[in-house]
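Remarks on the overall topology
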Amino acid sequence: AEYMGTLLSIVMADLARELGARGGFEFDLCGRNKLLERIGMKMPKATSTGTTIVGLIYNGGVVLGADTRATNDTTVADKNCEKIHYIAPNIYCCGAGTAADTENTTNMISSQLALHRLESGRESRVITSLTFLKRYLFRYQGNVSAALVLGGVDSTGPHLYTIYPHGSTDDLPYVTMGSGSLAAMAVFEAHWKKDMDEASAVQLVHDAIASGIFNDLGSGSNVDVTIIRNDRSVEVLRNMDKPNERLYRRRRPHDLARGTTAVLSEKRVPVRARVDVFDGDLFGMPAGGGGAGAAAGAGSAGAAAMDE
């Protein structure tokens, strides 16, 4: 560690002398990273998100979809996790990445938009929530692991955006994100059409999420869909489809009827038969003023208490 620290300080000093003091953009860290890779240090790799989230615009609004599997490395931590988060009455957001980051980020922006509506007296616009989210994520340079699909309807019509953990954004008619995004995008590319009706749009979102569930190990369980219409009505279809529901369930111990386990023998021993009652001072102190009787009484009371 000491050797690496000394080497790093030498590298940074050489870079400082080479680049000198100048204005504009600086790429010192890029040069440093290349030198560190050259001497054998491995650069950290971005972790992939175990999720499939999608969205598309149809002729009557926006449809968002997500799977419900939450993973912890190779372990399924939650089979029915809710990944479509409320932002405003007319705006919802799908989250991929670290569950704590996506939930707290969307809750914070939702709170800020509520205060904004109270202050302005106007409906929240989708571009406003997009600006809040991307500024917050850019501030933390990707350390907040939240990849988002933002969809909603406002006075300018339906909108759909993707927001990457570093703060970059896309504005597209149909989008996918997460580890199952390639499988979902294959379905969108094959079947998406402009000005789809609501039933066709919901079915296409369902098929895209199902493709992610069955072709990506990080995605699974159920299909969630949220419909945001141009008339500002919202329909949340929680667990719209359960393609992996268990057919056979294990019987729990409390389901067993009384008498299922046979009693082979039974023996009862009274507690009083195991207690010795004797006269004398209970604590080894000289008895005074009828102490023997008191000690005997205390011993009897103790025996009675144990028997109960």
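Basis of the calculations
Residues numbered from 1 in each chain as written. Predicted model: local features only at pLDDT ≥ 70, side-chain atom pairs only at ≥ 80, totals over all residues. Heavy atoms only, no water. Core = buried A, V, L, I, M, F, W, Y, C linked by side-chain atoms within 4.5 Å. Buried < 20%, exposed > 50% of the residue type's maximum accessible area, 1.4 Å probe, protein only. Helix = DSSP H or I, 4+ residues; strand = E, 2+ residues; numbered from the N terminus. Contact = heavy atoms within 4.5 Å. Axes fitted to C-alpha atoms, helices over the stretch in contact; angles between N-to-C directions. Left-handed = near helix turned anticlockwise from the far one by under 90°. Nonpolar A, V, L, I, M, F, W, Y, C, P; charged D, E, K, R; others polar. Polar contact = N/O pair within 3.5 Å; in protein donor to acceptor, adjacent residues only side chain to side chain. Pairing = 2+ DSSP bridges. pLDDT = per-residue confidence, 0-100. Patch = residues over 30% accessible without salt bridge, like charges linked within 9 Å, V, L, I, M, F, W, Y side chains within 5 Å. Areas by Shrake-Rupley, 256 points an atom, 1.4 Å probe, with all protein chains shown as cover. Salt bridge = Lys/Arg side-chain N within 4 Å of Asp/Glu carboxyl O.

1. Quick notes on the nonpolar core
Counting residues in hydrophobic clusters, the biggest one holds 19 residues, and the most contacted among them are Val54, Leu56, Tyr58, Val63, Phe188, Val205 and Val225. At seven residues, the largest contribution of residues to this core is made by helix α6 (residues 198-215). If sequence neighbours within four positions are ignored, Leu56 has contacts with Gly61, Val62, Val63, Leu160, Pro173, Tyr174, Phe188, Trp192, Ala201, Leu204 and Val205. Core analysis: the next-biggest nonpolar cluster, separate from the first, contains 17 residues, Ile87, Ile91, Leu137 and Leu148 among them.

2. Some words on the packing of helix α5 (residues 181-191) against α6
Look at α5 against α6: their axes get within 7 Å of each other, and the N-to-C directions meet at 145°. In the packing of α5 onto α6, the handedness of the crossing is right-handed. Along the contact surface, α5 presents Ala183, Ala184, Val187, Phe188 and His191, while α6 presents Leu204, Val205, Asp207, Ala208, Ser211, Gly212 and Asn215. Looking at the contact of α5 with α6 residue by residue, the class counts come to seven nonpolar, four polar and one charged.

3. Quick notes on α5
Every α-helix carries 3.6 residues per turn, so stepping three or four residues along brings you back to the same face. Residues Ser181, Ala183, Ala184, Val187 and Phe188 constitute the buried set of α5. Of the surrounding secondary structure, the elements contacted by the buried residues of α5 are β1 (53-58), β10 (174-177) and α6.

4. Things to note about the side chain of Asn222
Residue placement: Asn222 occurs in the loop between α6 and β11 (223-229). For Asn222, a relative accessible area of 10% gives the class buried. For Asn222, the side chain forms a polar contact with the side chain of Asn80, separated by 3.2 Å. The residues contacting Asn222, other than those within four sequence positions of it, are Ala66, Asp67, Thr68, Lys79, Asn80, Ile213, Asn239, Asp241, Lys242 and Pro243.

5. Brief notes about the pairing of strand β7 (residues 146-154)
In terms of burial, β7 is a largely internal element, nine of the nine residues being buried. Residues Ala146, Leu148, Leu150, Gly152 and Asp154 point to one face of β7 and Ala147, Val149, Gly151 and Val153 to the other, with burial holding for every one of them. Pairing of strand β6 (residues 91-97) with β7, which is carried by seven bridges, proceeds in the antiparallel orientation. Its bridge partner being in β7, Cys93 is matched across the sheet by Leu150. Linkage of β7 to strand β8 (residues 157-163), two consecutive antiparallel strands, is achieved through a turn of two residues.

6. Let's talk about the confidence of the model for the protein chain
When pLDDT is averaged along the protein chain, the result is 85; 81% of the residues meet or exceed 70. Below a pLDDT of 50 lies the segment residues 288-308, which in the model reaches 19 contacts outside its immediate sequence neighbourhood of four places, other chains included.

7. Some remarks on a nonpolar patch on the surface
A cluster of nonpolar side chains, Leu8, Met12 and Leu29, forms an exposed patch at the surface whose accessible area comes to about 240 Å². Along the chain, Leu29 turns up in helix α2 (residues 28-38).

8. Re the pairing of strand β4 (residues 75-78)
In the sheet, strand β3 (residues 70-72) pairs with β4 via three bridges, with the strands oriented antiparallel. Paired with Asn72 across the bridge in β4 is Thr75. With antiparallel pairing between neighbouring strands as the criterion, β3 and β4 make up a hairpin whose turn holds two residues, including Asp73 at a positive phi of roughly 65°.

9. Overview of the sheet that holds strand β2 (residues 61-67)
Strand order in the open sheet made by the five strands is β10-β1-β2-β11-β12, with antiparallel pairing throughout. In the strand order of this sheet, the two ends are held by β10 and β12 (234-241), each with one partner. In this sheet, adjacent strand axes meet at a mean angle of 15° when their direction is disregarded. Here α5 sits on the sheet in contact with β1 and β10, set at roughly 160° to β10.

10. Quick word on the sheet that holds strand β5 (residues 84-88)
Taken in spatial order, the five strands line up as β5-β6-β7-β8-β9 in an open sheet, and their pairing is antiparallel. Whereas interior strands pair on both sides, the edge strands pair on one side only; in this sheet they are β5 and β9 (169-171). Mean inter-strand twist for the sheet, computed between neighbouring axes without regard to direction, equals 25°. Helix-sheet contacts for helix α3 (residues 99-120) involve β5, β6 and β7, and the interaxial angle to β5 is about 20°. Here helix α4 (residues 126-139) sits on the sheet and contacts β5, β6, β7, β8 and β9; the angle it forms with β7, its principal contact strand, is near 165°.

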